[in-house]
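# A structural walkthrough
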Amino acid sequence: MQFASRSSAVRSGIQASLSLMSQRAISRELGARGIIGLSRQEVHSPRAAHGIRALVTSESIPSTFEHVLAAVPMSNEQNVAPVTEVVDPAEKWKKITVEMWRNAVYTNQTYFGDLIQDTNEFVKNIAEQIKLNGHRVSMVEVGCGTGEFVRANEHEFRTAVGVDFNQEFIAFCKTNAPARKVGSTQYFQGDACELNDLLKQKFPKCAARGSRGVEFWDDSRVVACVGNTIGIIPEELRPRVYEEMAELAGKDGVLVMVYWNARWFGDACLNFYHANPNLCGVFEGENVDFKNTTLKTPMGYRTKWTGADEARALMEDLGMEIISLREKGKGIFVAARRF
């Protein structure tokens, strides 16, 4: 009974937040401007009274809230370890095990299956275009996790590299790396804020005897951060990570970002995060910030979902020229280059 009551409270809190978000979306649609305009619309607009049903007609939530609520089990909190406070998000990431991550994102692909396939196709197309222009191409994934993205795409690249802060993830990647007849795949444990220094240590900038050039550095480089990894990185560190990635890609390479689409954030809170308490911990409606599409759980797990306009602004702030920016399903796909 305690579990059912608490689960019901979570859904009620999220429902209240979604209703407020829907009213704000309606106010914008009716032409309200600023805080004063929003307040007036919330009080007087007859459409705002529709609450979540009005929101369903917009693109903020892809499915009806009643359907989402019906899919949330009442017993998610059973057999869940007690919530502990983790101050440093980096320490939280270290504590996520291989099983926790794979079970949440990859083993059960019912939620992210299409997005994973779309991500692979997006990166493969970029690699093909670079090679058709007569250049060899290598790839680095920042935040490679348990290596699924690298393994799925490694044969498209002369050298494929996975970098992650979690040593257990890197050990898993190395153990499960298939042999390659052409090219190489390598995994390194390291800090994304020191990405360039890390790879300069791993790949010397001098040609080996008998080689066709300097390994990795002579290639055009695709530097990718997919699976919303950037949204898990602490907010204050993201600018540094973006800069490191852009520097590594260089003028001849491509920066690839695949964000989780902010339009799906409300749906994900119920159907992904609430369904995976072992990954992010048990949370209440007050932990969900719909305005900034951010979830911060008592366990210390934090994630940010990004919209298309926000992704464009991020790239422009970096001084990047956008090659491609697409919104498809649960993903925002960006390819950019710094000239």
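The following refers to the structure shown. Source: prediction; values computed, not measured.

With that settled, the discussion passes to the nonpolar core. Core analysis: the biggest nonpolar cluster contains 45 residues, and Phe 112, Ile 126, Met 139, Val 222, Val 256, Phe 272 and Tyr 273 have the highest contact counts within it. Among the elements that make up this core, the one with the highest residue count is helix α7 (residues 113–132) (seven residues). Core analysis: the next-biggest nonpolar cluster, separate from the first, contains 35 residues, Phe 188, Cys 193, Tyr 259 and Val 334 among them.

Our focus in this paragraph is the pairing of strand β4 (residues 220–225). Among the six residues of β4, six are classified as buried, and the element is accordingly described as predominantly covered. Bridge count for strand β1 (residues 137–142) against β4 is five bridges, and the pairing is parallel. Paired with Val 137 across the strands is Ser 220, a residue of β4. Bridge count for β4 against strand β5 (residues 254–260) is four bridges, and the pairing is parallel. Each residue of the ladder has a partner; that of Cys 225, found in β5, is Met 257.

What follows concerns the sheet that holds strand β10 (residues 331–337). As a general point, the strands of a sheet are linked pairwise by backbone hydrogen bonds and lie either parallel or antiparallel. Across the sheet, which stays open at both edges, the seven strands sit in the order β3-β2-β1-β4-β5-β10-β9 with mixed pairing between neighbours. Whereas interior strands pair on both sides, the edge strands pair on one side only; in this sheet they are β3 (184–189) and β9 (321–328). Within the sheet, the average angular offset between the axes of one strand and its neighbour, ignoring direction, is 15°. In the sheet, β1 pairs with strand β2 (residues 159–164) via four bridges, with the strands oriented parallel. The residue bridging Met 139 from the neighbouring strand is Ala 160, located in β2. Packing against the sheet, helix α15 (residues 308–317) makes contact with β5, β9 and β10, and its axis sits at approximately 165° to β9.

The subject of this paragraph is the pattern of salt bridges. Counted under the stated rule, the structure contains ten salt bridges. With a shortest N-O distance of 3.6 Å, Arg 136 and Asp 219 are connected by a salt bridge. Of this pair, Arg 136 sits in the loop between α7 and β1 while Asp 219 sits in the loop between α10 (195–202) and β4, and the two are 83 residues apart along the sequence. Through salt bridges with shared partners, one network takes in Arg 136, Arg 158 and Asp 219.

Conventions adopted
- For every chain, the first residue of the written sequence is number 1, and numbering continues from 1 onward in sequence order.
- The predicted nature of this model means local features are confined to residues of pLDDT at least 70 and side-chain atom pairs, given and counted, to a pLDDT of 80 or more, with totals for whole chains, interfaces and linings taken over all residues.
- Here the side-chain values reflect all heavy atoms present in the structure, with hydrogen atoms and water set aside.
- The definition of a nonpolar core used throughout is a set of buried Ala, Val, Leu, Ile, Met, Phe, Trp, Tyr and Cys residues joined through side-chain atoms within 4.5 Å.
- Summary of the burial criterion: residues with accessible area below 20% of their type's maximum are buried, those above 50% are exposed, and those between are partly exposed, where the area comes from a 1.4 Å probe applied to protein chains only.
- By the criteria applied, helices consist of DSSP H or I runs no shorter than four residues and strands consist of E runs no shorter than two, each listed in order from the N terminus.
- For two strands to be treated as a pair, DSSP must find no fewer than two bridges joining them.
- Fitting a line to C-alpha atoms yields each axis, with helices limited to the stretch in contact; the angle taken between N-to-C directions then spans 0 to 180 degrees.
- Pairs of residues are marked as contacts when any of their non-hydrogen atoms sit within 4.5 Å.
- Any carboxyl oxygen of Asp or Glu within 4 Å of a side-chain nitrogen of Lys or Arg constitutes a salt bridge here.

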